[in-house]
Amino acid sequence: MKTDIEIAMEAEMKPIQEVAAKLDITADELDLYGKYKAKLTDELWDRIKERPDGKLVLITAINPTPAGEGKTTTTVGLGQAMEKIGKKAVIALREPSLGPCFGLKGGAAGGGYAQVVPMDDLNLHFTGDFHAITSANNLLAAMLDNHIQQGNALNIDTKQIVWKRCVDMNDRVLRNITVGLGRKVDGVTREDHFIITVASEIMAILCLAENMKDLKERLGRIIVAYTYDGKPVTAKELNAVGAMAALLKDAIRPNIIQTLEHTPALVHGGPFANIAHGCNSIRATKTALKLADYTITEAGFGADLGAEKLLDIKCRMAGLKPDAIVLVATVRALKYNGGVKKEDLGTENLEALKKGIVNLEKHIENVAKYGVPCIVTLNQFVSDTEAELAYVKEFCEERGCEFALSQVWERGGDGGVELANKVVETIETKESHFHYLYEDDLSLEEKMETIAKEIYGAGEVILEPAAKQQIARIESLGFGNLPVCMAKNQYSLSDDKSVLGRPKDFPIHIRDVYVSAGAGFVVAITGTIMTMPGLPKVPAAEGIDVDDSGDITGLF
């Protein structure tokens with residue numbers, strides 16, 4: 001089998017105008033970025049905004065493992081399969097970050113014969129959206145420090161600056177730094193911090209903003225610091241909103257590319273689900289719903305993170321209602337949860353499968369809490385045995401879930417026909433009664449406890465003193481009605497990434513809480529989760545190169 005990048009490089013892509021025409025998008029409604037990628041114009045939205053919505057299908061998964069689950073691969077493959085069975089479909093994905101691309105996880109374009117292309121462009125600079133977000137974030141930081149240097153008319157307490165600089169790279173040495181060293185004219189000396197771009201509030205704002213007017217209003221509400229008497233200072237007060245919006249004027253528009261089988265894909269925005277809200281942009285999703293009968297979207301990492309945030313944050317803000325949720329798992333990952341070492345996952349082991357399937361069971365139960373019909377799909381590997389597949393199928397159906405096998409990695413759209421038919425059948429025969437996990441009028445602590453206990457299975461939530469103080473301040477400022485974005489590791493239902501399977505009645509430790517007033521949610525930091533990741537001992541960057549013909553190698 002060829003590598004993902006070999007398959008992608010050999011793909012025969014169609015001009016993006018031809019792909020867009022499948023969705024009745026005209027050439028005048030595209031701003032081209034070369035032959036195979038484009039941005040959608042505002043004129044397109046103005047033309048289609050009164051159309052009825054198509055059906056919304058969310059792809060989520062069990063907790064990720066080194067064995068692989070294939071959530072994005074399934075999303076892309078399902079979109080391709082929908083076309084195979086005669087349905088008009090569009091895929092709505094997030095953009096990849098350079099951090100994991102050069103780090104440990106790799107890219108985010110799918111895999112095998114279920115990929116979006118151009119894969120190398122997507123995983124690297126793409127249309128420049130992340131660079132624009134980084135620039136807007138750091139412009140605000142520069143204007144903040146300049147305001148303090150130039151007399152500090154807003155009475156900002158330099159010990160209470162909460163706005164951080166960002167870079168789209170895993171770089172641990174930037175987590176905690178000192179700025180302003182040198183001469184007096186070089187600025188005020190203070191402690192500062194970097195986060196990765198995908199954790200920037202501006203990334204969240206871009207993904208949640210309905211239009212430019214909404215974007216500017218949200219940018220203006222960003223809290224950058226507090227005064228000596230505890231009052232919040234906003235980006236609007238620094239007169240930074242117009243310049244930030246100018247940097248983001250193109251980034252706010254969704255991007256369109258294609259799959260290996262030329263299914264249209266809207267790829268826009270990229271907040272991580274472990275440290276941010278984990279969904280593509282509202283603009284891209286709403287546009288997709290107007291353009292096709294079925295919109296296939298995904299949310300980051302496992303259902304305890306990405307799906308919860310899409311359902312409780314994105315859907316709440318955008319008024320979206322999913323019609324079905326596809327829960328992706330693999331036999332290999334379930335056996336890994338059952339204690340099997342990675343090198344032994346190719347051997348049949350029903351006992352380990354029975355032990356590890358409790359992780360899938362918890363995610364099935366969690367999806368049911370939202371009232372949306374659930375389909376479990378196994379991303380099939382050649383090492384899976386008939387006995388293992390039959391056990392998982394029976395397990396799911398006993399719990400009221402539909403079930404389908406997926407072979408999209410190996411066979412593309414043809415390998416997803418069974419899943420596509422099951423999704424269509426489920427939507428046509430089972431009504432979605434979508435509702436949120438919690439209501440706005442709960443206190444912030446009650447919302448955190450609800451997520452931790454209902455979704456993770458925790459027994460208690462332990463708030464460290466700093467977190468308690470921050471919650472009190474946030475609620476006193478009038479932000480207590482906002483939804484909560486939990487920052488938690490992706491590998492475990494708990495805040496300890498080494499605990500696999502289905503832990504129960506464990507404590508969740510919340511060490512920090514802050515408000516993203518522009519995005520419109522409160523972030524709770526659990527355990528040891530970092531908003532600036534580091535590179536592994538052997539980063540993926542060591543294997544990436546460009547050959548003499550200009551072709552990139554080593555991306556995955």
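Parameters at a glance
- Residues numbered from 1 in each chain as written.
- Predicted model: local features only at pLDDT ≥ 70, side-chain atom pairs only at ≥ 80, totals over all residues.
- Heavy atoms only, no water.
- Pairing = 2+ DSSP bridges.
- Helix = DSSP H or I, 4+ residues; strand = E, 2+ residues; numbered from the N terminus.
- Axes fitted to C-alpha atoms, helices over the stretch in contact; angles between N-to-C directions.
- Contact = heavy atoms within 4.5 Å.
- Buried < 20%, exposed > 50% of the residue type's maximum accessible area, 1.4 Å probe, protein only.
- Lys, Arg positive; Asp, Glu negative; His and termini not counted.
- Salt bridge = Lys/Arg side-chain N within 4 Å of Asp/Glu carboxyl O.
- Expected span 1.5 Å × (residues − 1).
- 1 Å grid on protein atoms, 1.4 Å probe; cavity = no way out; pocket = protein on both sides within 12 Å on 5 of 7 lines; lining within 4 Å.
- Points joined across faces, edges and corners; volume = space filled by probe spheres on them.
- Nonpolar A, V, L, I, M, F, W, Y, C, P; charged D, E, K, R; others polar.
- Phe/Tyr/Trp six-rings, centres within 6.5 Å; stacked < 30°, edge-to-face > 60°.

Novice: Just checking my understanding: could you explain the sheet that holds strand 23 (residues 521-526) for this structure?
Specialist: Each strand in a sheet pairs with another by means of backbone hydrogen bonds, the pair being arranged parallel or else antiparallel. Pairing in this open sheet of four strands is mixed, and the strands run 20-22-23-21 from one edge to the other. The open sheet has two free edges, formed respectively by strand 20 (460-463) and strand 21 (484-487), since each of these has just one partner strand. Going across the sheet, the axis of each strand differs from the next one's by a mean of 40 degrees, ignoring polarity. Note that strand 21 and strand 23 share four bridges and pair parallel. Along strand 23, the bridge assignment pairs Met486 with Ala524. Across the sheet, helix 12 (residues 303-318) lies against strand 21 and strand 23, angled at about 160 degrees from strand 21, the strand it touches most. Across the sheet, helix 20 (residues 465-476) lies against strand 20, strand 22 (507-516) and strand 23, angled at about 40 degrees from strand 22, the strand it touches most.

Novice: Looking at this structure, I do not really get the side chain of Asp157. What am I missing?
Specialist: Its place among the elements puts Asp157 in strand 7 (residues 156-161). With no salt bridge to any partner, buried Asp157 finds its closest opposite charge in Arg473, at an N-O distance of 7.2 Å.

Novice: Help me understand helix 12, please; the structure alone is not making it clear to me.
Specialist: In an α-helix, one turn spans 3.6 residues; hence positions three or four apart end up facing the same way. Compared with the 22 Å implied by 1.5 Å per residue over 16 residues, the 19 Å span of helix 12 between its first and last C-alpha is markedly short. Of all the 16 residues making up helix 12, 15 are buried; the element is thus mostly covered by neighbouring parts of the structure. Count one or two residues on from helix 12 and you reach Gly319, which has phi positive near 70 degrees.

Novice: Help me out: how do you make sense of the sheet that holds strand 7 in this one?
Specialist: Pairing in this open sheet of three strands is antiparallel, and the strands run 7-12-13 from one edge to the other. Single-partner strands in this sheet number two, and they are strand 7 and strand 13 (232-234). Within the sheet, the average angular offset between the axes of one strand and its neighbour, ignoring direction, is 50 degrees. Strand direction decides the pairing type here: strand 12 (residues 223-227) and strand 13, joined by three bridges, are antiparallel. Bridge pairing in strand 13 links Ile223 to Thr234. Contacts from helix 7 (residues 129-149) reach strand 7 and strand 12 within the one sheet, and its direction differs from that of strand 7 by about 135 degrees.

Novice: Would you take a moment to explain the layout of surface pockets for this structure?
Specialist: A water-sized probe rolled over the atoms picks out the places where empty space is left. Each pocket or cavity is described by its volume, and for the second largest pocket that value is around 1,100 Å³. As for the second largest pocket, its lining consists of 40 residues, and the residues nearest its centre are Ile161, Val162, Lys164, His193 and Asp512. Elements with a contribution of two residues or more to the lining of the second largest pocket: strand 7, strand 10 (190-192), strand 11 (194-196), helix 8 (201-208), strand 12, helix 20, strand 22 and strand 23. In terms of residue count, strand 22 provides more of the lining of the second largest pocket than any other element does, six residues in total. The residue makeup of the lining of the second largest pocket, split by class, is 21 nonpolar, 10 polar and nine charged.

Novice: Where do I start with the packing of aromatic side chains in this structure?
Specialist: For any two aromatic rings, the description comes down to two numbers: the centre-to-centre distance and the angle of the planes. Summed over all chains, the structure comprises two aromatic pairs. Seen from their ring centres, Tyr391 and Phe395 are 6.2 Å apart, and the 40 degrees between their planes marks the pair as tilted. Of this pair, Tyr391 and Phe395 both sit in helix 16 (residues 386-398), four residues apart, which is roughly one turn of the helix. Residue classification places Tyr391 among the partly exposed positions, given a relative accessible area of 22%. Residue Phe395 is classed as buried on the basis of its relative accessible area, which comes to 7%. Taken together, a centroid distance of 5.4 Å and an interplanar angle of 90 degrees make the contact between Phe434 and Tyr436 edge-to-face. Classification of Phe434 as buried rests on a relative accessible area of 14%.

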